[in-house]
Amino acid sequence: MAVQVFGVKLLGFDTANGRKALFSAFFLVGIWLLGRLLKWLFSRKDHREERRAFWVRQGISIIVAVLNILVLLSIWFDDPTRLATAFGLVTAVSLSHSSESSPPSPATS
């Protein structure tokens, strides 16, 4: 069933996509808050260990990023063929952009 706003049918936006969008936003905010809480907890330690604190913050950021990716993939791609198609499109676009920005290779004789 398509969603209508002021009598206008929104193309490609139905109740299932709306539910997934709300679910995604809920989890992204939750994971972000968890990351902020962990960073706050670890920043309360002794300031003499700045190098260790830096790497702990970096590790937390990486864990939060990986969790966000996993949550979004599990919510939006319930069919593995759709995930493969999306991955192929992203790869094709990134490869086309990288070939445009690379300098021409020297001619060999």
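See the structure printed just above.
None of the values given here were measured: they were computed from a predicted structure.

Colleague: I'd like to hear about helix 2 (residues 50-76), residue by residue, with values.
Modeller: Along its 27 residues, helix 2 runs 39 Å from first to last C-alpha, staying within 8% of the 39 Å computed at 1.5 Å per residue. If you check which residues of helix 2 are buried, you get Ile 60, Val 64, Asn 68, Val 71 and Ile 75. Where helix 2 is buried, its residues contact helix 1 (15-43).

Colleague: Can you tell me about the nonpolar core, naming the residues and giving the values?
Modeller: In terms of nonpolar packing, the biggest core is built from five residues, these being Ile 31, Ile 60, Val 64, Val 71 and Ile 75. Ranked by residues supplied to this core, first place goes to helix 2 with four residues. Apart from residues no more than four positions distant in its own chain, Ile 60 is found in contact with Gly 35, Leu 38, Lys 39 and Phe 42.

Quick notes on the rules
- Residues numbered from 1 in each chain as written.
- Predicted model: local features only at pLDDT ≥ 70, side-chain atom pairs only at ≥ 80, totals over all residues.
- Heavy atoms only, no water.
- Helix = DSSP H or I, 4+ residues; strand = E, 2+ residues; numbered from the N terminus.
- Expected span 1.5 Å × (residues − 1).
- Buried < 20%, exposed > 50% of the residue type's maximum accessible area, 1.4 Å probe, protein only.
- Contact = heavy atoms within 4.5 Å.
- Core = buried A, V, L, I, M, F, W, Y, C linked by side-chain atoms within 4.5 Å.

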